[in-house]
Amino acid sequence: MKPIIRYRFLTWLVALTGLLAGCNSKRLNKRVTLWRSDKIPYGTYVAYENLSHMFPEATVIINKNSPDRYKSYTVKNLKEDNVEVSAEDSKTTYIIIATDIIPDENEAAALLGMVSRGQHVFISGLRIHETLLDSLHLKTAYYSSSFNTEDSLTVSVINPGTRDSLSYTYPGKALDNYFVSIDSAFTTVLGKDKFGRPNFVQFNYEGGGSLYIHLAPAAFTNFFLLHKNNKAYYDNVFSYLPKNSEVVRWDDYFRYHKGGSSDGSNKNGKGLFGAGSWLSKQPALAQAMWLLLLLMLIIYLFESKRKQRAIPVIQPLKNASVDFVKTIGRLYFQRRDNKNLAYKMAAHFQDYVRSRYGIRTSFTDPEFEKRLAWKTGYDAGQLKDLLYFMNMLQDEPSVTDEGLLELNRKLEHFYKHV
């Protein structure tokens, strides 16, 4: 058996073993991670491990930096020792697969700059920020902070050789989106969803580079690729990328990145008074502003010595549990600790159900869901969505403000109607 065939066989055997173990356990592991090391149904172990076969001449590396910050990397080839790789190499393919891809303005410009220099960028996500889509004249359907969790996914792709449209399906979560508006003048549609709506498009640049936007990341999960002959979908999609790529960068940065600067700083170096700001270009106005600040400081110093500050009335603390809960909630919210606050809200929900209905709580137990719906009379569909959403937030590395508000809305609706 040839080494490359043996390696592929072992990769598929390990992935299939992990997937079967997840499916044959007491209940299917429904965590959506899209993580290259996860062998669970909704990990991307198979997709990542097969990159070396789709791009046999390339060095596969892991990217953990913002697209507008890297220069070069010392990386470890899957088959060789450490090598130095230039990030400006035109024979580079950059692959991004995540549920949310939220680049800021600089990062979106950096991605488009890669393509204009002859590189190839492939992006697959459920939600892609308008910062990037608007520059491509694209618009996607809107999804709230909860995922599209239909029970099956059907996607089609145009075979790059025969130009036939080939369809693939699987019985797992859909986790897909679609384009509601594209500019057909310079956009090529390569794939569609089960309703014939475009979900995979291509842009070719004069510099030789290309950009691919794909809206069905579930099609790269272990569950999808190991179902029947769905591996052919993976082969057809990545066949549009050049086989002579010397570097393939698999992205880990956007899996955690939720927009804004990667280090929280102002990367433009432009503040209200900073170099390059609008105010610094108006000398007279800038002088007036500084003079106003100086006068306010002088007034403050004189007034603070002439008058005694009013002594505030300190109200006695109230020993009320409701006020305590509100205070703790505000504390977590002000600290932007959304993840911890979501966990506390879920714990309060479990305690409420146990104390009022005497039911043992488990977000992933179908029997718990049925018993709670029967005892409370609450709509089964809305209850299923609430339990899944709370479980999904606990698996996320971080929780956005929108996600926290969505959880609060769902819980308030539950408490109001039971």
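Residues numbered from 1 in each chain as written. Predicted model: local features only at pLDDT ≥ 70, side-chain atom pairs only at ≥ 80, totals over all residues. Heavy atoms only, no water.

Q: Describe in detail the overall build of the chain, supporting the description with residues and values.
A: From N to C terminus, the chain includes 14 helices and 13 strands. Counting the 418 residues in the chain, one finds 44% classified as buried. If you take every contact in the chain between residues at least 6 apart in sequence, the share linking residues at least 24 apart comes to 65%. Looking at the chain as shown, the accessible area adds up to about 23100 Å², and 55% of this sits on carbon and sulfur atoms. (Helix = DSSP H or I, 4+ residues; strand = E, 2+ residues; numbered from the N terminus. Buried < 20%, exposed > 50% of the residue type's maximum accessible area, 1.4 Å probe, protein only. Contact = heavy atoms within 4.5 Å. Areas by Shrake-Rupley, 256 points an atom, 1.4 Å probe, with all protein chains shown as cover.)

Q: Any chance you could break down the confidence of the model for the chain for me, citing the residues and the numbers?
A: When pLDDT is averaged across the chain, the result is 80; 76% of the residues are at 70 or more. The secondary-structure element of the chain with the lowest mean pLDDT is strand β2 (residues 72–76), recorded at 40, while strand β12 (residues 210–214) shows the highest, at 97. In the model, residues 71–85 has pLDDT below 50 throughout and makes 33 contacts with residues more than four positions away in sequence or in other chains. Predicted confidence is poor over residues 260–276, with pLDDT under 50, and the contacts of this stretch with residues over four places away or in other chains come to 29 contacts. (pLDDT = per-residue confidence, 0-100.)

Q: Outline empty space enclosed by the protein, supporting the account with residue identities and numerical values.
A: For the structure on display, the rule yields 1 cavity of 30 Å³ or more. One number sums up the size of the largest cavity: a volume of about 30 Å³. Residue lining of the largest cavity: Ala-342, Tyr-343, Ala-346, Met-390, Leu-393, Gln-394 and Leu-407, and that is the complete set. Of all the secondary-structure elements, those providing two or more residues to the lining of the largest cavity are α11 (338–357) and α13 (380–395). Here the lining of the largest cavity is built from residues that sort into 6 nonpolar, 1 polar and no charged. (1 Å grid on protein atoms, 1.4 Å probe; cavity = no way out; pocket = protein on both sides within 12 Å on 5 of 7 lines; lining within 4 Å. Points joined across faces, edges and corners; volume = space filled by probe spheres on them. Nonpolar A, V, L, I, M, F, W, Y, C, P; charged D, E, K, R; others polar.)

Q: Give a detailed account of the packing of aromatic side chains, specifying residues and quantitative values.
A: Inspection of every chain in the model, using the stated rule, returns 23 aromatic pairs. Plain terms: the ring middles of Phe-220 and Phe-238 are 5.6 Å apart, the flat faces sit at 15° to each other, and that makes the pair stacked. Taken as a pair, Phe-220 in the loop between β12 and α6 (222–225) and Phe-238 in helix α7 (residues 231–238) lie far apart in primary sequence, 18 residues in all. Residue classification places Phe-220 among the buried residues on the basis of a relative accessible area of 0%. Under the relative-accessibility criterion, Phe-238 is labelled buried at 0%. Members of the aromatic cluster, each reached through a chain of ring pairs, are Phe-55, Phe-122, Phe-200, Tyr-212, Phe-220, Tyr-234, Phe-238 and Tyr-240. (Phe/Tyr/Trp six-rings, centres within 6.5 Å; stacked < 30°, edge-to-face > 60°.)

Q: Please provide a residue-by-residue account of the sheet that holds strand β4 (residues 92–101), values included.
A: Neighbouring strands of a sheet are bound in pairs by backbone hydrogen bonds; such pairs are parallel or else antiparallel. Strand order across the open sheet formed by 9 strands is β1-β13-β4-β5-β12-β11-β10-β7-β8, with mixed pairing between neighbours. For this open sheet the edge positions go to β1 (59–63) and β8 (165–170), each flanked by a neighbour on one side alone. The mean inter-strand angle of the sheet, taken between neighbouring strand axes irrespective of direction, is 15°. Bridge count between β1 and strand β13 (residues 247–251): 5 bridges; the pairing is parallel. Its bridge partner being in β13, Ile-61 is matched across the sheet by Arg-249. Contacts from helix α4 (residues 105–116) reach β4, β5 (120–128), β12 and β13, with the element oriented near 150° to β5. Contacts from α7 reach β4, β5, β7 (153–158), β8, β11 (198–204) and β12 within the one sheet, and its direction differs from that of β7 by about 40°. (Pairing = 2+ DSSP bridges. Axes fitted to C-alpha atoms, helices over the stretch in contact; angles between N-to-C directions.)

Q: So what's going on with unusual backbone geometry? Residues and values would help.
A: Look at His-137: it is not a glycine, yet its phi comes out positive at around 60°. Structurally, the position occupied by His-137 is in the loop between α5 (130–133) and β6 (139–140). On the basis of relative accessibility, which here comes to 46%, the residue His-137 falls in the partly exposed class. Backbone geometry places Lys-228, a non-glycine residue, at a positive phi of 50°. Looking at where Lys-228 falls in the secondary structure, it is placed in the loop between α6 and α7.

Q: Hey, could you go over the nonpolar core for me, with residue numbers and the actual values?
A: Residues Leu-51, Phe-238 and Phe-349 are the most contacted members of the largest nonpolar core, which totals 67 residues. In this structure Phe-238 touches Leu-51, Met-54, Phe-55, Ile-95, Phe-122, Phe-220 and Lys-243, once residues within four positions along its chain are discounted. (Core = buried A, V, L, I, M, F, W, Y, C linked by side-chain atoms within 4.5 Å.)

Q: Kindly report on the packing of helix α12 (residues 366–376) against α13, identifying the contributing residues and their values.
A: Look at α12 against α13: their axes get within 10 Å of each other, and the N-to-C directions meet at 135°. Taken together, the axis directions place α12 and α13 in an arrangement best described as oblique. As for how α12 packs across α13, the hand of that crossing is right-handed. Of α13, the residues touching α12 (which contributes Phe-368, Glu-369, Leu-372 and Ala-373) are Ala-380, Leu-383, Lys-384 and Leu-387. Residues of the contact of α12 with α13, tallied by class, amount to 6 nonpolar, no polar and 2 charged. (Parallel < 35°, antiparallel > 145°, perpendicular 65-115°, else oblique. Left-handed = near helix turned anticlockwise from the far one by under 90°.)

Q: Could you give an account of the packing of α11 against helix α14 (residues 401–417), with specific residues and numbers?
A: Look at α11 against α14: their axes get within 10 Å of each other, and the N-to-C directions meet at 15°. Of the possible angle classes, the one that applies to α11 and α14 is roughly parallel. Of the two elements, α11 crosses α14, and the hand of that crossing is left-handed. Every residue of α14 that contacts α11 at Asn-338, Leu-341, Ala-342, Met-345, His-348, Phe-349 and Tyr-352 is listed here: Asp-401, Leu-404, Leu-407, Asn-408, Leu-411, Phe-414 and Tyr-415. Considered class by class, the residues forming the contact of α11 with α14 number 10 nonpolar, 3 polar and 1 charged.

Q: Let's hear about the environment of Tyr-170: which residues, and what values?
A: Relative to the elements of secondary structure, Tyr-170 occurs in strand β8. Residues Tyr-170 and Ala-219, 49 residues apart in the sequence, show an inter-C-alpha distance of 9.0 Å. Residues within four places of Tyr-170 in sequence aside, it is in contact with Tyr-42, Asp-151, Ser-152, Leu-153, Ala-218, Thr-221, Phe-223, Phe-224, His-227 and Asn-230.

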